[in-house]
Amino acid sequence: MPGLYPFGETVVRLRRGPSPGRDPRGQPIPGPLLEQPVKGCVVAPRQSTPQVGGDDQQARDTVIVGWTVYAPAGGEWRTTDQVRIRGELCEITGEPGDWGRNPFTGTRGPVQFAADRVTG
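Residues numbered from 1 in each chain as written. Predicted model: local features only at pLDDT ≥ 70, side-chain atom pairs only at ≥ 80, totals over all residues. Heavy atoms only, no water.

Trainee: I keep staring at the side chain of Thr68 and nothing clicks. Help me out?
Mentor: In this fold, Thr68 is placed in strand β3 (residues 64–71). Those residues in contact with Thr68 that sit more than four places away from it in its chain are Val42, Val43, Ala44, Arg46, Gln112 and Phe113. (Helix = DSSP H or I, 4+ residues; strand = E, 2+ residues; numbered from the N terminus. Contact = heavy atoms within 4.5 Å.)

Okay, structure coming up:
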């Protein structure tokens, strides 16, 4: 997959492959975990957003909860995918959004998604 930004970083997409069959109880066996490095991504820290002026905001340090990722146009990202960012395993939170086509340049925009650290 070509990179969108020449000085961006590589994010690894982790996706389950097809199930190889069923276990003795008839449940599907998880498929192998397939990794695909995606170059040229922009990774920006995302912080928790307490209500402006509320008690949570007073005397509180910024807490980074994950990242916002801008991946190259045309990439297929699913809410069931995981990603590895800077060595940290993350879940994709919410539906990835395709920026579509820029009406001024005609070029495709990035695919944007939130990635939260996996805990526990």
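Trainee: Explain unusual backbone geometry here, please?
Mentor: Peptide bonds are trans in most cases, and residues, glycine excluded, mostly fall at negative phi. In this structure, Arg86 takes a positive phi of about 50° despite not being glycine. In this structure, Arg86 sits in the loop between β4 (82–85) and β5 (88–98). Of the residues examined, Arg86 reaches a relative accessible area of 51% and is grouped as exposed. (Buried < 20%, exposed > 50% of the residue type's maximum accessible area, 1.4 Å probe, protein only.)

Trainee: Before we go on, may I ask you to explain the pairing of strand β1 (residues 9–16) in this structure?
Mentor: Every regular strand shows the same layout, with side chains that alternate between the two sheet faces. As judged from the seven bridges shared by β1 and strand β2 (residues 33–47), these two strands associate in the antiparallel manner. Bridge pairing links Arg15 to Leu34 in β2. (Pairing = 2+ DSSP bridges.)

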